Each structure stands twice: as structure tokens, then as C-alpha cells.
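# Structural overview for review
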There are 2 protein chains.
Amino acid sequence: MDRIAGKAQTKHYQKGEFLFRSQEKDDALYIVNHGKVRIYRLSDSGKEQLVRILNPGNFTREWALFNPDVVHEEYAEATRDTSVCTIQQHDVQEFLKEYPAISLKLLGEMSQRLERSARQTAQVAVESVITRLVLFLAENVEPGMGNSPTITLPMAKKDIASYLGTTPETISRKFGELENEGLIQQLSGKRIKIQDLDDLLLYSE
Amino acid sequence: MDRIAGKAQTKHYQKGEFLFRSQEKDDALYIVNHGKVRIYRLSDSGKEQLVRILNPGNFTREWALFNPDVVHEEYAEATRDTSVCTIQQHDVQEFLKEYPAISLKLLGEMSQRLERSARQTAQVAVESVITRLVLFLAENVEPGMGNSPTITLPMAKKDIASYLGTTPETISRKFGELENEGLIQQLSGKRIKIQDLDDLLLYSE
DNA sequence: GACTTTTCTTGATGAGAGTCAATTTTTTTG
DNA sequence: CAAAAAAATTGACTCTCATCAAGAAAAGTC
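Structure report, in brief. Predicted model only: the values in this text are computed from it and were never measured.

## Brief notes about the protein's contact with DNA strand C
Taken together, 18 residues are adjacent to DNA strand C, and A:Val129, A:Thr166, A:Thr170, B:Lys158 and B:Arg173 come closest. At the protein interface, 59% of the atoms of DNA strand C within 4 Å belong to sugar or phosphate. In this structure, A:Thr170 approaches DNA strand C through a side-chain N or O atom, which is 2.6 Å from a phosphate oxygen. Between DNA strand C and A:Lys174, the relevant distance is 3.3 Å, taken from a phosphate oxygen to a side-chain nitrogen or oxygen of the residue. Listing elements by their share of the surface near DNA strand C, those giving two or more residues are α7 (168–180) of chain A together with α6 (157–163) and α7 (168–180) of chain B.

## Here we look at the pairing of strand β4 (residues 37–42) of chain A
Regular strands place their side chains on alternate faces of the sheet. Residue and element names in this part refer to chain A. When you tally the buried positions in β4, you get five out of six residues, the bulk of the element. The pairing of β4 with strand β5 (residues 48–54) spans six bridges and is classified as antiparallel. Bridging from a neighbouring strand, Leu42 pairs with Glu48 of β5. From the end of β4 to the start of β5, which pair antiparallel, there are five residues, and Gly46 there has a positive phi angle of about 95 degrees. Alignment of β4 against strand β7 (residues 74–78), held across five bridges, turns out to be antiparallel. Following the sheet pairing, Val37 is matched in β7 by Ala78.

## Structural notes on the layout of surface pockets
Estimated volume of the largest pocket: approximately 980 Å³. As for the largest pocket, its lining consists of 37 residues, and the residues nearest its centre are B:Val51, B:Arg52, B:Ile53, B:Arg116 and B:Tyr163. Of all the secondary-structure elements, those providing two or more residues to the lining of the largest pocket are α4 (100–126) of chain A together with β5 (48–54), α2 (62–66), α4 (100–126) and α5 (129–139) of chain B. Residues of the lining of the largest pocket, tallied by class, amount to 13 nonpolar, 12 polar and 12 charged. Approximately 800 Å³ is the volume attributed to the second largest pocket. Taken together, 33 residues form the lining of the second largest pocket, with A:Val51, A:Arg52, A:Ile53, A:Arg116 and A:Tyr163 sitting closest to its centre. Residue assignment for the lining of the second largest pocket shows that the elements contributing at least two residues are β4, β5, α2 (62–66), α4 and α5 (129–139) of chain A together with α4 of chain B. For the lining of the second largest pocket, the element with the most residues is α4(A), which contributes six residues. Considering only residue class, the lining of the second largest pocket consists of 11 nonpolar, 11 polar and 11 charged.

## Looking at the protein's contact with DNA strand D
For DNA strand D, the set of nearby residues contains 17 residues, the closest of which are A:Lys157, A:Arg173, B:Val129, B:Thr166 and B:Thr170. Here the atoms of DNA strand D within 4 Å of the protein split so that 62% fall in sugar or phosphate, with bases taking the remainder. Side-chain polar atom of B:Thr167 to a phosphate oxygen of DNA strand D: 3.5 Å apart, as the coordinates give it. Mapped onto the surface near DNA strand D, the elements with two or more residues apiece are α6 (157–163) and α7 of chain A together with α7 of chain B.

## Thoughts on α5(B)
Residue and element names in this part refer to chain B. With eight of 11 residues buried, α5 lies mostly within the body of the structure. All of the buried residues along α5 are Val129, Ile130, Thr131, Arg132, Leu133, Val134, Phe136 and Leu137. Residues of α5 that are buried sit in contact with α4, β9 (150–152), α6, α7 and α8 (197–202).

## As for the packing of helix α3 (residues 89–98) of chain A against α4(B)
Direction vectors running N to C along α3(A) and α4(B) enclose 135 degrees, while the axes themselves pass 9 Å from each other. Considering the angle they form, α3(A) stands oblique to α4(B). The interaxial crossing formed by α3(A) with α4(B) has right-handed handedness. Of the residues in α4(B), those touching α3(A) at A:Gln93, A:Leu96 and A:Lys97 are B:Pro100, B:Leu104 and B:Leu107. When grouped by side-chain class, the residues that make up the contact of α3(A) with α4(B) number four nonpolar, one polar and one charged.

Cut-offs used in this document
Residues numbered from 1 in each chain as written. Chains lettered and ligands numbered in written order. Predicted model: local features only at pLDDT ≥ 70, side-chain atom pairs only at ≥ 80, totals over all residues. Heavy atoms only, no water. Near = heavy atom within 4 Å. Polar contact = N/O pair within 3.5 Å; in protein donor to acceptor, adjacent residues only side chain to side chain. Helix = DSSP H or I, 4+ residues; strand = E, 2+ residues; numbered from the N terminus. Buried < 20%, exposed > 50% of the residue type's maximum accessible area, 1.4 Å probe, protein only. Pairing = 2+ DSSP bridges. 1 Å grid on protein atoms, 1.4 Å probe; cavity = no way out; pocket = protein on both sides within 12 Å on 5 of 7 lines; lining within 4 Å. Points joined across faces, edges and corners; volume = space filled by probe spheres on them. Nonpolar A, V, L, I, M, F, W, Y, C, P; charged D, E, K, R; others polar. Contact = heavy atoms within 4.5 Å. Axes fitted to C-alpha atoms, helices over the stretch in contact; angles between N-to-C directions. Parallel < 35°, antiparallel > 145°, perpendicular 65-115°, else oblique. Left-handed = near helix turned anticlockwise from the far one by under 90°.

Limitation: the analysis is restricted to geometry and does not speak to function.
What follows is the structure in C-alpha cells.
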């Protein structure tokens, strides 16, 4: 750990700054220390799709580690003041060779991410927006909260829209629809009360 | 290699048989020897989304290696007579610990897959069907074939539809549209002639 | 080669969701 | 706390694409 820390470099970003942009070649691994980072992609037509949100402890750019020469199409933007550690590709490789256990951990993390990503693709591809939204809400219920939990949205609604592959207007309408149906209540400040989780999950026309 | 082969077990499947289905718990890694396997997911509403197609040399179920207790939601169906090697989770772990280089290879492969999957999600989320189809065709051009290549579709059109998150009817129409625009020609037996790759890529309204 | 089965195509119709525009509400900032 | 900026909501309209149905073509089988 100490040795890794020795190679790591800490960087700070203010809200709105980019850790990196598509095209930029830079083969370091980024690990978030404090703050919050949005990872998104831009389509040809300029629309963005949120890939994920990095919280403290999360990392990204593992792609750069193993395929350093291919340019990568993601943008990483700090959504508040953020500090990250970066470790150069070369150094990471060294550590992985030296401590194989790290590779196993990393493989586990990556296989989880792959699973999530595949599920996300399948949902966007075949489910309606209301279904995706319901599933999104259900995923964000902290386990063990009973059947009528209150959750806090992990991101702004416009980001939920982007994550789910739709628009803020549509998300707004779908939240309204769920509320009209008596399935949820929108409390103040990103808090949502779910009346009955089972009912909610059943509501997918 | 010999030692790995010693632990591996070969299985044969006929066309239409399943290597595994969602829910089934079985923590082996599958490597395709001969044949072709469709990996897909099923939505609640019963629609399927093609995740990928396995050709000889490809593997799947790496998820099972690192998260053996979580059930996985994919179906794997042999689309022709197929033989695969399976290696038990436990054995793979052993090899990885013993030969760290394998982990690095595996990480490289997984990071590529993750990249593809993220791109796939972004496309399905924000691009129109015609754009997705164009990108799909462009991806299937073998490199170094000039600007007016002929390609062979790697799967049936209905599978392309499923892969791109749309329906066979729509795919059929979009192929028709591209042909009317003079951008491609549909030859017999899954062969497509692209008139001008650059023009094709520009055609995304 | 004839028959069966699957895949592909084409048409008509409708619904879900995107777009544009105007307000309102919430959050941020000095 | 007031002003500014960003996010969320609502309405009207449009359009892409899914659905259902039916027939044509291609692939697989005996």
C-alpha cells in the first residue's frame, strides 16, 4: 500500500473541470478520493449519455491500462470539487505482476461492471421508459428498508434521464405518472417515498 | 497449458441446445471450441436482446468466476453444433494465482468488452435505428478493404435487430432505405456491398 | 427436388417518446 | 437574503418506430 501510494499522484479539480476528455491520450488510472465525477459519452449528434457516476473509492480508465493506444470516448467531469489519485499505467502493471491478488480483485470489480453494463444495454434496448425508471428506483432502494422505503435520488433528474437514455421532460412526466398512480410521492430535495415496492415493480404496463 | 487442459472438460451441444440458462447455478468458465453461440437476455416482457455471439476462441461466464453466488441473467444457446471447454471456477482461480500473466490477459480482454458494452449502451440510448445500423455495418468491415468493401453479415437480420434493440421489420425497412439511397446493395446470402463507406457514415440524418 | 420451417419483406395503424417553447421551482452564489 | 443560474415542469405538436397481419423468399430437411 505504501509503495502504491508512493507512485500515486494527487490532483484536484474544481466543479466543472474535466479530469479527461475523449481523445486525450493519457494512460493513467484514476481513483476518486473526494467529490463526485460524471462519466459520459457524446454521440455524433452531440447528445450525451451518462455512463456512470464515480464516488469516493471508485476508479476509472482501467481501459487505458490494458489498451493504452486506443483512444477512448469518455468524458469525465467533476460535478463538485474533487480530488483524485492517478497512477501511471506502467506502475500499475508492475504492481499487478508483483501482487497477483490485486488482479483478482480487479477482475471481480470489472466483471461486476460488465454485468451492470450489459444489463443497462438490455434495458435501454427493450424496456419502455417507465419500466426503466421503475427499475432504476428499485435498484436505488437500500436493502433492508422494508417494503415502503424512502430513497434519495443519487443524481439530478436530468442525469437520470441521460442515464436511462431519455430526456428530462419525459422523466418529469413519468415521475408525475407514478405519483398520480399513487405509487410514489415526490418529497422535497431528491427524496422519493415509495408506497409499495412490489406494486411499483408490477407497474410496467 | 497442459495442466489447464487436464482440468478442462469438453462438452458438445447440438443446434438449439442451451449451454446454460439464466438462474442455473454453475460456476464454470465456458470457452468455445467449434460452433457458434448466441448470448442473450430476456426482459420481463419476454423480449430478447442479443448480447453477443461467441465464435471459436471466445469465452463467457467470467462473471461466475468472481461472483459465483450471484445469479446471472444470460442465456447461451448453440446456434449450430458446438463444442466447448468448461473449467471450474476453483481451477481457474488456481491458475490465475499461479500465472499472473494470465490475469493481465484476461483483464485486457474484459476491459475491451466493457468498452464495447458501454459503447453499445450509448448507441442504443441516443442514436436512431438508422445510425445504429450504419455504425454496425461500419464495424463489420474488415480493415484494409478500401472504401467500397463487400461485407458478410455476421448474423441473421433478426439477430441484428435484437442486437441493435429494434425489430426485424424495422431493420428490413432501414436496409431498404439505405439501398434506395444508393449507399449499399444487398447481394445474395447475407452479403452487402457498400458503395462508399464515407458516404454511408455521413448518412445519419 | 418437394416439403416444411424459418426468416425476411411490405403495408397499415397507433402509441410512446422527442422536440420546441414558455414558466415555475430549486439551487447556487456573491 | 436577493439575484442569477440551473433544473424541473407543463403544454402542444411531430415523428420515429413498434405492432399486427399477411405474403414472399430463403434455408433446412427428408
